[in-house]
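Residue strings, one per chain:
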Amino acid sequence: MICTKCGHNNVDEALFCEECGNRLGAGASPQPGPAQQPYAAPQQQYAQQPYAQQPSMGQPYMAQPEKKGVGFAVTSMVCGILSLVLSCCIPYVPFVLALVGVVLGGVSLHGHRGGKGMAIAGLVTSIISLVPAVFVIIAGASIMASLGM
């Protein structure tokens, strides 16, 4: 069945035109509309420039900055977690680990290295674990003093 609006050849059982959507069949009335022109691709030609003179699509090429290491941040976080876990069991090791964690976390944050979140986590866990470690050291010293050692 041929569409009265666009002239597209549709299958005989179709109720609507596959091309323009116009109703087909006995009750179809052609709807007035602008004459449709077939689509033609634009025929613009762009001047081809030599490879070295191609326009850039943004900023000029710059050397990529070196990735900054996250070693201090990771070590700070590991020391902080270990000092937090060991602060209730071993008297002096968590204190040393916490100090190392605070120093490395501070160096990592101050030096604008990568792994900012890990450095902050290392600082927080190290500072939290310093409190029980100091209490254990004070308690150990007072017990030793009371025993006369």
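In what follows, the structure referred to is the one given above.
Predicted, not measured: the structure shown is a model, and the values here were computed from it.

Engineer: Got a sec to walk through the overall build of the chain? Specific residues and values, please.
Structural biologist: Of regular secondary structure, the chain possesses three helices and zero strands. If you list the helices and strands of the chain from N to C, you get α-α-α. Burial status across the chain gives 19% buried among its 149 residues. Long-range pairs, those at least 24 residues apart, make up 52% of the contacts in the chain between residues at least 6 apart in sequence. Here the chain has roughly 11,500 Å² of accessible surface; of this, 66% comes from carbon and sulfur atoms.

Engineer: Summarise the environment of glycine 25; cite the residues concerned and give the values.
Structural biologist: With respect to the helices, strands and loops of the structure, glycine 25 is situated in the segment before α1 (71-86). Residue classification places glycine 25 among the partly exposed positions, given a relative accessible area of 37%. In this structure the C-alpha to C-alpha distance between glycine 25 and alanine 14, which are eleven residues apart in sequence, comes to 8.4 Å.

Engineer: Account for the packing of helix α2 (residues 93-110) against helix α3 (residues 116-147), naming residues and giving values.
Structural biologist: Two elements in contact, α2 and α3, have axes separated by 8 Å at closest approach and are oriented at 150°. Comparing their axes, α3 and α2 come out roughly antiparallel. Note on packing geometry: the crossing formed by α2 with α3 is left-handed. Only Lys116, Ala119, Ile120, Leu123, Ser126, Ile127, Ser129, Leu130, Ala133, Val134 and Ile137 of α3 make contact with α2, whose side of the interface consists of Phe95, Ala98, Leu99, Gly101, Val102, Gly105, Gly106, Ser108 and Leu109. Taken together, the residues of the contact of α2 with α3 break down into 13 nonpolar, six polar and one charged.

Engineer: Any chance you could break down the packing of α1 against α3 for me, citing the residues and the numbers?
Structural biologist: Interhelical geometry of α1 versus α3 gives an angle of 25° and a closest axis separation of 7 Å. Here α1 lies roughly parallel to α3, going by the angle between them. Between α1 and α3 the crossing geometry is left-handed. Residues Ala73, Val74, Ser76, Met77, Cys79, Gly80, Ile81, Ser83 and Leu84 of α1 form the contact with α3, whose participating residues are Met118, Ala119, Ala121, Gly122, Leu123, Thr125, Ser126, Ile128 and Ser129. Split into classes, the residues belonging to the contact of α1 with α3 amount to eleven nonpolar, seven polar and no charged.

Engineer: Provide a residue-level description of the side chain of serine 129, including the pertinent values.
Structural biologist: With respect to the helices and strands, the residue serine 129 is situated in helix α3. Residue classification places serine 129 among the buried positions, given a relative accessible area of 0%. The residues contacting serine 129, other than those within four sequence positions of it, are Gly80, Ser83, Leu84, Ser87 and Ala98.

Engineer: Any details on a nonpolar patch on the surface? Residues and values, ideally.
Structural biologist: On the surface, Val70, Val74, Val78 and Leu82 cluster together into a nonpolar patch covering about 270 Å² of accessible area. Among the structural elements, valine 78 can be located in helix α1. Assessed through its relative accessible area of 41%, valine 78 is described here as partly exposed.

Engineer: Please set out the state of the cysteines residue by residue, giving values where relevant.
Structural biologist: A full pass over the atoms with the stated rule returns zero disulfides. Left unpaired, cysteine 17 is separated from the closest cysteine sulfur, that of cysteine 6, by 3.6 Å. Here cysteine 17 falls in the buried class, since its relative accessible area comes to 5%.

Engineer: If you had to explain α3 to someone new, which residues and values would you point to?
Structural biologist: The terminal C-alpha atoms of α3 lie 46 Å apart, and with 32 residues this matches the ideal 46 Å at 1.5 Å per residue to within 8%. Of all the bends in α3, the largest measures some 25° and sits at leucine 130, one to four residues before the proline proline 132. Among the residues making up α3, those that are buried are Ala119, Gly122, Leu123, Thr125, Ser126, Ser129, Leu130 and Ala133. Of the surrounding elements, those touching the buried residues of α3 are α1 and α2. Glycine 148 sits one or two residues past α3 and shows a positive phi near 85°.

Calculation notes
- Residues numbered from 1 in each chain as written.
- Predicted model: local features only at pLDDT ≥ 70, side-chain atom pairs only at ≥ 80, totals over all residues.
- Heavy atoms only, no water.
- Helix = DSSP H or I, 4+ residues; strand = E, 2+ residues; numbered from the N terminus.
- Buried < 20%, exposed > 50% of the residue type's maximum accessible area, 1.4 Å probe, protein only.
- Contact = heavy atoms within 4.5 Å.
- Areas by Shrake-Rupley, 256 points an atom, 1.4 Å probe, with all protein chains shown as cover.
- Axes fitted to C-alpha atoms, helices over the stretch in contact; angles between N-to-C directions.
- Parallel < 35°, antiparallel > 145°, perpendicular 65-115°, else oblique.
- Left-handed = near helix turned anticlockwise from the far one by under 90°.
- Nonpolar A, V, L, I, M, F, W, Y, C, P; charged D, E, K, R; others polar.
- Patch = residues over 30% accessible without salt bridge, like charges linked within 9 Å, V, L, I, M, F, W, Y side chains within 5 Å.
- Salt bridge = Lys/Arg side-chain N within 4 Å of Asp/Glu carboxyl O.
- Disulfide = S-S within 2.5 Å.
- Expected span 1.5 Å × (residues − 1).
- Bend = angle between axes of the 7 residues up to and from the residue.

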